[in-house]
Amino acid sequence: MKTVTLSTLQAFKRAGETFSCLTAYDATFAHAAREAGVEVLLVGDSLGMVLQGHASTLPVTLDDVCYHTRCVTRGKGASLLMVDLPFMSNTSTERLLQDAGALMRAGAELVKVEGEAWMADGIRELTRRGVPVCAHLGLTPQTVYQLGGYKVQGRDADQASRILEDARALVEAGASVILLECVPASLGRAVAEALEVPVIGIGAGPDVDGQILVMHDVLGVTAGRSPRFVKNFMAEADDIQGAFRRYHEDVKARRFPAEEHCF
Ligand code: KIV
């Protein structure tokens, strides 16, 4: 695989070709995902849930994310590496810049921030300093207690148009990528159509530009009830490498997500 950059993702969007993304937390699994063809790896703060066993992503620290980023860097090869800014990195612009700087020094190539239009100033400051940003909208797990649980967002027309306007404002501020989590497929399509930047979806339907899942969900090892939008690819594969390959191929061929994975 040729080195994947933001330009690669933009070229995919222009060509109407979808791309696959997967969370990764260590060098070995990053290597396996890259060998399977996965274009983007995310050191997600989901590590707080799937690695550390917390009930949410809130306890994850900057040090935790930097540690896992350094591990993934050694296995990621040609994949593009996106890394999450942890809960409360956005308490001030200064802290946002410092935390993003720490992630970039650890190996991040794109930082992901949760937040709505009010994050525009922070995103503008990051991009002015050469830090590419992915803005995460829809279900934002760092606000799970405010949202009252892990629920589908943007179901009514007002909410849907607010998410679309937030996405526009954050792209205007400099975001290079939008990630949409857990929204109706119709909203995923509307946001992807409205924006020139790539839109990555998780539970956002088939008509976005890229798909992402948490690695543990792809391997069917997540404890508890799985959300509707995940698929256990291990059920159709002989080994972990095969499950990652199947996921990548199904995303590229637009076989995943299927109707049963959408809202
Ligand atoms: O932390 C994470 O893994 C994420 C994905 C759910 C997109 O943000």
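Remember, predicted model here, so these are calculated numbers, not experimental data. (Residues numbered from 1 in each chain as written. Predicted model: local features only at pLDDT ≥ 70, side-chain atom pairs only at ≥ 80, totals over all residues. Heavy atoms only, no water.)

Novice: So what about empty space enclosed by the protein? Which residues, and what values?
Specialist: Taken as a whole and judged by the stated rule, the model has three cavities of 30 Å³ or more. Around the largest cavity, the lining residues are Leu85, Pro86, Phe87, Met88, Ser89, Asn90, Leu96, Val113, Glu114, Met119 and Gln142. Of the residues assigned to the lining of the largest cavity, the class counts are seven nonpolar, three polar and one charged. (1 Å grid on protein atoms, 1.4 Å probe; cavity = no way out; pocket = protein on both sides within 12 Å on 5 of 7 lines; lining within 4 Å. Points joined across faces, edges and corners; volume = space filled by probe spheres on them. Nonpolar A, V, L, I, M, F, W, Y, C, P; charged D, E, K, R; others polar.)

Novice: Please provide a residue-by-residue account of the site of the ligand, values included.
Specialist: Close to the ligand lie Thr23, Leu42, Gly44, Asp45, Ser46, Asp84, Lys112, His136, Leu179, Glu181, Ile202 and Val214. At 3.1 Å from an oxygen atom of the ligand is found a side-chain nitrogen or oxygen belonging to Asp45. Ser46 places a side-chain nitrogen or oxygen 2.5 Å from an oxygen atom of the ligand. When the ligand is considered free in solution it has 260 Å² of accessible area, and contact with the protein chains removes 96% of it. When the residues that make up the shell around the ligand are grouped by side-chain class, the tally is four nonpolar, four polar and four charged. (Near = heavy atom within 4 Å. Polar contact = N/O pair within 3.5 Å; in protein donor to acceptor, adjacent residues only side chain to side chain. Areas by Shrake-Rupley, 256 points an atom, 1.4 Å probe, with all protein chains shown as cover.)

Novice: Before we move on, can you summarise the UniProt feature "binding site: Mg(2+)" (unreviewed entry) in the protein chain with the specific residues and values?
Specialist: Taken from the UniProt record, the annotation "binding site: Mg(2+)" (unreviewed entry) applies to Asp45, Asp84 and Glu114. Spatial clustering of the annotated residues is evident: they stretch over 70 residues in sequence, but the largest pairwise C-alpha distance comes to 11.0 Å. Here, the largest cavity is lined by Glu114 out of the annotated residues. Contacts of Asp45, omitting those with residues within four sequence positions, involve Thr57, Val60, Asp84, Leu85, Glu114 and Gln142. Along the polypeptide, Asp84 turns up in strand β3 (residues 80–84). (UniProt positions renumbered as here; feature names shortened; annotations may be inferred. Contact = heavy atoms within 4.5 Å. Helix = DSSP H or I, 4+ residues; strand = E, 2+ residues; numbered from the N terminus.)

Novice: Outline the pairing of strand β8 (residues 210–213), listing residues and values.
Specialist: Of the two faces of β8, the one lined by Gly210 and Ile212 and the one lined by Gln211 and Leu213 are each fully buried. Pairing of strand β1 (residues 19–23) with β8 involves four bridges; the strand directions are parallel. Within the sheet, the bridge partner assigned to Phe19 lies in β8 and is Gly210. (Buried < 20%, exposed > 50% of the residue type's maximum accessible area, 1.4 Å probe, protein only. Pairing = 2+ DSSP bridges.)

Novice: Account for helix α9 (residues 185–194), naming residues and giving values.
Specialist: The periodicity of an α-helix, 3.6 residues per turn, causes residues three or four places apart in sequence to face the same way. Every buried residue belonging to α9 is among Ala185, Leu187, Gly188, Val191 and Ala192, and all of these are buried. Buried residues in α9, looked at end-on, bunch into an arc of 160 degrees, giving them a common side. (Arc of directions from axis to C-beta.)

Novice: Which residues make up unusual backbone geometry, and what values go with them?
Specialist: The step from Phe256 to Pro257 runs through a cis peptide bond, and the omega angle for that step is 0 degrees. Mapped onto the secondary structure, Pro257 falls in the segment after α11 (240–252). Unlike most non-glycine residues, Met88 shows phi in positive territory, near 75 degrees. With respect to the helices, strands and loops of the structure, Met88 is situated in the loop between β3 and α5 (93–106). Phi at Arg254 takes a positive value of approximately 55 degrees, unusual for a residue other than glycine. Relative to the elements of secondary structure, Arg254 occurs in the segment after α11.

Novice: Describe in detail the packing of aromatic side chains, supporting the description with residues and values.
Specialist: In the structure shown here, the tally under the stated rule is five aromatic pairs. Seen from their ring centres, Phe12 and Phe19 are 5.9 Å apart, and the 20 degrees between their planes marks the pair as stacked. Residue Phe12 shares its accessibility class with Phe19, and that shared class is buried. Aromatic side chains Tyr247 and Phe256 sit 6.1 Å apart centroid to centroid with 65 degrees between the ring planes, which places their arrangement in the edge-to-face category. No difference in accessibility class separates Tyr247 from Phe256, as the two residues are buried. Through a chain of ring-to-ring contacts, the aromatic side chains of Phe233, Tyr247 and Phe256 assemble into a single cluster. Just above the ring of Phe12 sits the side chain of Lys252; from NZ or CZ to the centre is 4.2 Å. (Phe/Tyr/Trp six-rings, centres within 6.5 Å; stacked < 30°, edge-to-face > 60°. Lys NZ or Arg CZ within 6 Å of the ring centre and 35° of its normal.)

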